[in-house]
Amino acid sequence: MLRVAAVMLAFLPAQHTTAARLDVVPRLFSPRVGALRATGRLPSRATAGLQLATVGGRPLGWLVRLAPRREIAYSWHGRLGGRLVPDGRYALRIVAGAHVLARTVFRLDATAPTLTRFGASNGGAPFAGDGPMLTTISPGSESGRDTARIAFTLSEASRVVLRVEHTDRRRHLVSTQTAELGPGRHALRWAPPPSTEPSTYLLELAATDLAGNRRLYGAETPYVTRYLQAPVVRVLGIDAAFTRQSYAPDEAAVLRVATDAPSFTVRFYRAGGEAKPSTVADEMSGAPVGDPLAVSWASHASAPATIRLRVGDWPSGLYFAELDSSDGRVGYAPFVVRPAALGAESRIAVVLPTDTWQAYNFYDADGDGWGDTWYAGRNDLRVALDRPFTNRGVPPKLNRFEEPFLVWMARAKLSADFLSEQDLVELGSSRELAAIYDLIVFPGHTEYVTTHEYDLIEQYRDAGGNLIFLSANNFFRRVVERNGVLTRTTPWRDLGRPEAALLGAQYRANDEGQHQGPFVVRDTTDAPWFWQGLGLDPGSMFGQVVGGYGIEIDSTTRDSPPGTIVLAEIPDLLGPGVTAQMTYYETPRGAKVFDAGALDFVGSALTFPVDHLLLNLWNHLAVP
C-alpha cells in the first residue's frame, strides 16, 4: 500500500501542470506603452508564485513570490529588481516548489523604431539652400519640382505617419498620410495642390512598431528639440523684397527675387489710390503707376537674384511692386517713396510701421519650418529687416489697418510726406524734425521703436510738434537696430519711460480680438472740434457698423500728461476695469497729441463717423 501511495504522489505535479493555466496579454509587450497582464489559475489551492525566466528555462526572478493561492493576477511593468529588463524573448511561469505548473512565452520590446539617413528631394534640381533636411517644390509649375520626396531608413516593421504642418504662432495640420512599412529604405511623397500657400512646411514623422513603441521626428517648437529633426519642405512662390524700406523719386531700387518661374512681369502701384481696397490678407491693391516690365528669369530658376529698378518721379506714399509669373504665381514687394526733400511739399509726415511689420513677419529664411520672428516662440529675439513678407509679400494686417487709412487720405484729397522708420533713423535731431513738420501721423501699429526714434518723437513733442496715433500699443518696446537686424529688448515703461507720458495712454491688455465693443462718447466739451458736425453727445456710441473695436487696447495711467482728456472709451472691454480709452492732450509748448486707444480703430477709416472724426482731427492738428 505504501508503494502505491508513493507512485500516486509522484504523478501529482504532472497532473497540476496539465491542469494549471497561464495567460499573458500582450504577447509582444513594451513596458513604455503599458503593462503586461498575467492571469493564472491552479486546479486547487497550492503554494505557488509567478516567475520570470529565459526561454531556455533559467530563472531570472520572482514577480509574485511563493504563497498559498488558487489564482494569480498580476500587471508587470517590465522591471526586475528596480531595473528595466532588456529587450528579448522571455517566459512567464507558475512555479510550485520545484515544479513548473504553467508556462507562456512572450517578447519584451521597449525600443522605439528609428528613422535614419533622411533625404529630402523634389524630383528636379535643388534650389539654393536645399539639402538632406530641406527641399523646395513648386506645385503646378513647369519647373519639375512638383513633389517633395522624403526618404529614410526604417529600423523595424512599423506604422509611419507623416503629418505636414504649416506654422505661425502655432502648428496647423495641412495633410496626413499613413504607411505600414517593413525594415529598410523607404520614401513618402507629398504632392500639394498648386493653390498651396508659399511658405515652409514642417514635417512630423511618427514611427510606431508592433509593440506600440513610438518615436517622433520634427521640431515641436523653434527651440524645443524634444523630438529629433525632420525634413522641411519649402513651397516656393515669388518671394520678393526691396533691399531698403524707402527710396527717393528717380532713385535706383534693388529688388531681390527668389522664384523658379521662367518669367514674370513687374508692375508698380501706389497703395491707397484704388477705388476699392483689398480685404484679402495676401493681396495688395493700389493705383497703377509707370509701365510694366517683362523679366526673363529662367537663368535664375535655382537661386535668388536681384533686379535694379528705377523709382519713378512719383508723389510720396506707400508703393509696391507686383510680380506676376507666367505660371500664375503672384508676389508683392512694398516700399515707401519718401519725398525728394523732407518737408518741401508738405508740413505733415505719415510714418509707416515698417519695423513692426518685420517683427510680425513669419517668413522663414533659414528653412527650419518656423517663422524667423519671436512671435513664433523663438528664443532668438532678432528679426532681419530685408526679408520678404509671408502672405505672398503683403505686410501683416495691412488690409485691416493701414490700407483703409491710405484710401481715406486719397478720397479726402490729403497729402503728406511718407516715411519709413528707417528714414527717422537718418534724421539727425528733433529740432530739425520740428522745423520741417507741424504734424506726424502714426497710422498703424508702431509697437517696436529704437531709442533714437523714441527720443526723436518725444523731443519733437516737447518742441511743440503735434502727434496722431491711430492704433494702440505704440512705442511699447525698445529695439536695437544693427546692420539691418532688429533685436528686441525691454519694454519702455520698465526703462523708466512709460509710453503714456508721450502718447497720453498706453498698452493695457490684449485678448486677440475675442471681445469687441463700440466706443462710448465721454467728453465733448474740452475738445468740441473733434466732434464737430457729427451730432454725437456724451453716451453716444460709434463703431457698431464694424462690430466694435479691441484686440489690443490703451488706457490712461498716472504717467499720462496733466490735462489728458478721455474723449471716448469702451468700458470693461477686457474685464472689469480693463477699459479702452481714446485720449487727447495739449502741452504748454502747444503740442497736441491724440491716441486712438484700440488696435483696429484705424481700420474703420472708411466708415461713418470715423471718416469725419479723422478729418476733424487732421484739420485741427495740422495747424501748429
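The coordinates are above.
The structure displayed is predicted, hence computed values, not measured ones. (Residues numbered from 1 in each chain as written. Predicted model: local features only at pLDDT ≥ 70, side-chain atom pairs only at ≥ 80, totals over all residues. Heavy atoms only, no water.)

Asker: In this structure, what is going on with the packing of aromatic side chains? I would like to understand it.
Answerer: Aromatic rings in a pair are described by how distant their centres are and how their planes are angled relative to each other. As enumerated under the stated definition, the model contains 39 aromatic pairs in all. An angle of 75 degrees between the planes, with centres 5.7 Å apart, marks the rings of F118 and Y217 as edge-to-face. On the criterion of sequence distance, the pair formed by F118 in strand β9 (residues 115–121) and Y217 in strand β16 (residues 214–217) is long-range, its members being 99 residues apart. Assessed through its relative accessible area of 2%, Y217 is described here as buried. Measuring from centroid to centroid gives 5.4 Å for F476 and Y507, while their planes differ by 70 degrees, and the two rings are edge-to-face. With F476 in the loop between β31 (466–469) and β32 (477–482) and Y507 in strand β34 (residues 506–510), this residue pair connects regions lying 31 residues apart in the sequence. According to the relative accessible area criterion, F476 is buried, its value standing at 11%. Three or more aromatic residues joined by ring pairs make a cluster, and in this case those are F519, W529, F530, W531, F542, Y549, Y584, F594 and F601. (Phe/Tyr/Trp six-rings, centres within 6.5 Å; stacked < 30°, edge-to-face > 60°. Helix = DSSP H or I, 4+ residues; strand = E, 2+ residues; numbered from the N terminus. Buried < 20%, exposed > 50% of the residue type's maximum accessible area, 1.4 Å probe, protein only.)

Asker: Can you walk me through the sheet that holds strand β19 (residues 246–247) in this structure?
Answerer: One key point about sheets: their strands pair by backbone hydrogen bonds, in either a parallel or an antiparallel sense. Ordered by their spatial adjacency, five strands build an open sheet running β19-β25-β24-β21-β22, and the pairing between neighbours is mixed. Of all the strands in the sheet, the pair left with one neighbour each is β19 and β22 (287–296). Two elements, strand β21 (residues 263–270) and strand β24 (residues 317–325), share seven bridges in a ladder whose sense is antiparallel. Bridged to F268 within β24 is A321. (Pairing = 2+ DSSP bridges.)

Asker: Explain the pattern of salt bridges to me, please; I cannot follow it from the model alone.
Answerer: Pairs can form between side chains of opposite charge whenever their charged atoms are close. Across all of its chains, the model carries 27 salt bridges by this definition. Residue D109 is joined to R107 by a salt bridge in which the shortest nitrogen-to-oxygen separation is 3.9 Å. Given a relative accessible area of 4%, D109 falls into the buried group. Judged by relative accessible area, which is 40%, R107 ranks as partly exposed. For D462, the salt bridge identified is with R461, shortest N-O distance 2.7 Å. The network of salt bridges with common partners includes R145, D260, D327 and R329. (Salt bridge = Lys/Arg side-chain N within 4 Å of Asp/Glu carboxyl O.)

Asker: What am I meant to see in the sheet that holds strand β30 (residues 448–449) here?
Answerer: With mixed pairing, the four strands of this open sheet are ordered in space as β27-β33-β32-β30. Sheet topology places β27 (382–384) and β30 at the edges, where each strand pairs with a single neighbour. The pairing of β27 with strand β33 (residues 485–491) spans three bridges and is antiparallel. Across the sheet, residue A384 finds its bridge partner in β33, namely V485.

Asker: Can you walk me through helix α4 (residues 402–411) in this structure?
Answerer: An α-helix turns once every 3.6 residues. As a result, residues three or four positions apart point the same way. Within α4, eight of the ten residues are buried, which leaves it mostly tucked inside the rest of the structure. Along α4, the positions that sit buried rather than exposed are E402, E403, P404, F405, L406, V407, W408 and M409. Considering only its buried residues, α4 is in contact with β24, β26 (348–351), α2 (354–359), β28 (417–419), β29 (439–442) and α10 (610–621). Directly beyond the C-terminal end of α4, a positive phi value near 60 degrees is found at K413. (Contact = heavy atoms within 4.5 Å.)

Asker: Help me out: how do you make sense of the side chain of E569 in this one?
Answerer: Summarising the element assignment, E569 is placed in strand β40 (residues 565–570). Given the relative accessible area of 15%, E569 is considered buried. A distance of 3.3 Å separates polar atoms of two side chains, one belonging to E569 and the other to Q581. Filtering out sequence-adjacent residues up to four positions away, E569 remains in contact with P518, F519, V520, R522, T579, A580 and Q581. (Polar contact = N/O pair within 3.5 Å; in protein donor to acceptor, adjacent residues only side chain to side chain.)

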